[in-house]
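# Notes for the structure review
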Amino acid sequence: MTKKLRILVASALLVLPATAMAQPETPVEEWKGKTILLVGAHPDDDSLSQGTLALLKANGNDIWIVLLTTGNVGTQDPDLSRFELATIRRQEELAALADVGIPEDRYINLGYDDGLLEFQDEMEVVGQIVRLIRKIRPDVLFSFDPGPTYRRWHKSDHRAASYLTADAARVAMWRLLFEGQIIHEGLKAYRVPEFMFYDSPKEAINTWVDISEYAEVKARARTRYVSQFGPGWDKYEGPDRTPEEQAAAEKQALERMKKTDGKYVEGFRYYKGFPDSMGK
Ligand SMILES: [Zn+2]
């Protein structure tokens, strides 16, 4: 390569946005036969990705959802107890997942209290996520974006979930960390090869998934979170809606969904490589 050409290539690389450097080799829309694990903080955190999850499920991928808290705090209804709210949030999550095509046996909730995740014992939470990563052995891990090169701001719980999950992905590959899982539980160390970070800063998104075929499914799933979106937030009166109310709720969810060039899309920061370098 001549000096002139080298300079040309170097300057071309400099002007390329960093976000264009990492893309899945096979478009997400064509993924088949993969094991997918999504980790979130609350029942409904997966709703940011439910278009992609519905698409992946329909294409024959095996999808697991792990949520760290029960969602037992987030309400303005003065009459709901934590126990009642946790029960409601479980039912809502399972109803939404059923719309997406994910069965109950693929949903795991670790049972931590809503709103207090970052005050839990980090080693205990990381150990639990590590155990699940070593059991499920996902090809792709979906998680809140811990931030590329800097710490991403999220609200409490999301902030904790992003780092706890990133740390767990890093730990899972080292057999001498949480080695009790390997000696006594028959698990093996496991390195997650690919990541899809959701709720990323706009400038860090490098992968857009066309979810147009699943937009209605995503909208319907969104309406299942009755205690979080809609009148159930102030006064919960059960999951049932009249057919008219249901149709109106689905229409509103569809209208609020992100659309680019006439297509419904979900954006992610995709990363492939050593978990140690997921922020580079
Ligand atoms: Zn949340």
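Described below are features of the structure shown in this document.

Reading guide: rules and limits
- Residues numbered from 1 in each chain as written.
- Predicted model: local features only at pLDDT ≥ 70, side-chain atom pairs only at ≥ 80, totals over all residues.
- Heavy atoms only, no water.
- Helix = DSSP H or I, 4+ residues; strand = E, 2+ residues; numbered from the N terminus.
- Buried < 20%, exposed > 50% of the residue type's maximum accessible area, 1.4 Å probe, protein only.
- Lys, Arg positive; Asp, Glu negative; His and termini not counted.
- Salt bridge = Lys/Arg side-chain N within 4 Å of Asp/Glu carboxyl O.
- Polar contact = N/O pair within 3.5 Å; in protein donor to acceptor, adjacent residues only side chain to side chain.
- Contact = heavy atoms within 4.5 Å.
- Pairing = 2+ DSSP bridges.
- Core = buried A, V, L, I, M, F, W, Y, C linked by side-chain atoms within 4.5 Å.
- Donors = N, O, S within 2.8 Å, 3.2 Å for Na, K, Ca; no water.
- Expected span 1.5 Å × (residues − 1).

### Structural notes on unusual backbone geometry
Even without a glycine there, the phi angle at arginine 137 is positive, about 50 degrees. The residue arginine 137 is located in the loop between helix H4 (122-136) and strand E4 (140-144) in this model. With a phi close to 55 degrees, aspartate 199 is a non-glycine residue in the positive phi region. Secondary-structure assignment places aspartate 199 in the loop between strand E5 (194-198) and strand E6 (207-210). Residue classification places aspartate 199 among the partly exposed residues on the basis of a relative accessible area of 30%.

### Comments concerning the side chain of aspartate 46
Locating aspartate 46 in the fold gives a position in the loop between strand E1 (35-40) and helix H2 (50-58). No salt bridge is formed by the buried aspartate 46. Its closest oppositely charged neighbour is arginine 222, at 8.5 Å. Polar contacts involving the side chain of aspartate 46 include one to the side chain of glutamine 50, which spans 3.0 Å. Not counting chain neighbours up to four residues away, the residues in contact with aspartate 46 comprise Leu38, Leu53, Ile65, Leu67, Glu93, Leu97 and Tyr225.

### Brief notes about the pairing of E6
By the alternation rule, side chains of E6 split into Thr207 and Val209, which are all buried, and Trp208 and Asp210, of which none is buried. With four bridges joining them, E6 and strand E8 (residues 263-272) adopt antiparallel strand pairing. Paired with valine 209 across the strands is glutamate 266, a residue of E8.

### Details of the nonpolar core
With 66 residues, the main nonpolar core has Ile65, Ile133, Phe142 and Met196 as its most contacted residues. Among all residues touching isoleucine 133, those that are not within four sequence positions of it are Leu37, Pro138, Ala168, Ala169, Ala172, Tyr190 and Val192. One finds Leu85, Ile88, Val226 and Tyr236 within the second-largest nonpolar core, a separate group that totals five residues.

### Brief notes about the coordination of the zinc ion
When four donors bind a metal tetrahedrally, each ideal donor-metal-donor angle is 109.5 degrees, and when six bind octahedrally, the ideal angles are 90 or 180 degrees. Within the first shell, the zinc ion binds the protein through His42 (ND1), Asp45 (OD) and His158 (NE2), at distances of 2.0 to 2.1 Å. The sequence pattern formed by the donor residues of the zinc ion is H-x2-D-x112-H. Given a relative accessible area of 9%, histidine 42 falls into the buried group.

### Notes on the side chain of aspartate 77
In this structure, aspartate 77 sits in the loop between strand E2 (62-69) and helix H3 (82-100). Among the polar contacts listed, one links the side chain of aspartate 77 to the backbone nitrogen of aspartate 79, at a separation of 2.8 Å. Once you skip the residues sitting within four places of it in the chain, aspartate 77 turns out to touch Trp233, Asp234, Lys235 and Tyr236.

### Focus on H3
With 19 residues, H3 extends 27 Å from end C-alpha to end C-alpha; this agrees with the ideal 27 Å at 1.5 Å per step. Three or more residues of H3 are buried, namely Leu85, Ala86, Ile88, Arg89, Glu92, Glu93, Leu94, Ala96, Leu97 and Val100. If you follow the buried residues of H3, they end up packed against H2, E2, strand E3 (107-112) and helix H7 (215-223). Looking at the residues trailing H3, positive phi occurs at glycine 101, about 100 degrees.

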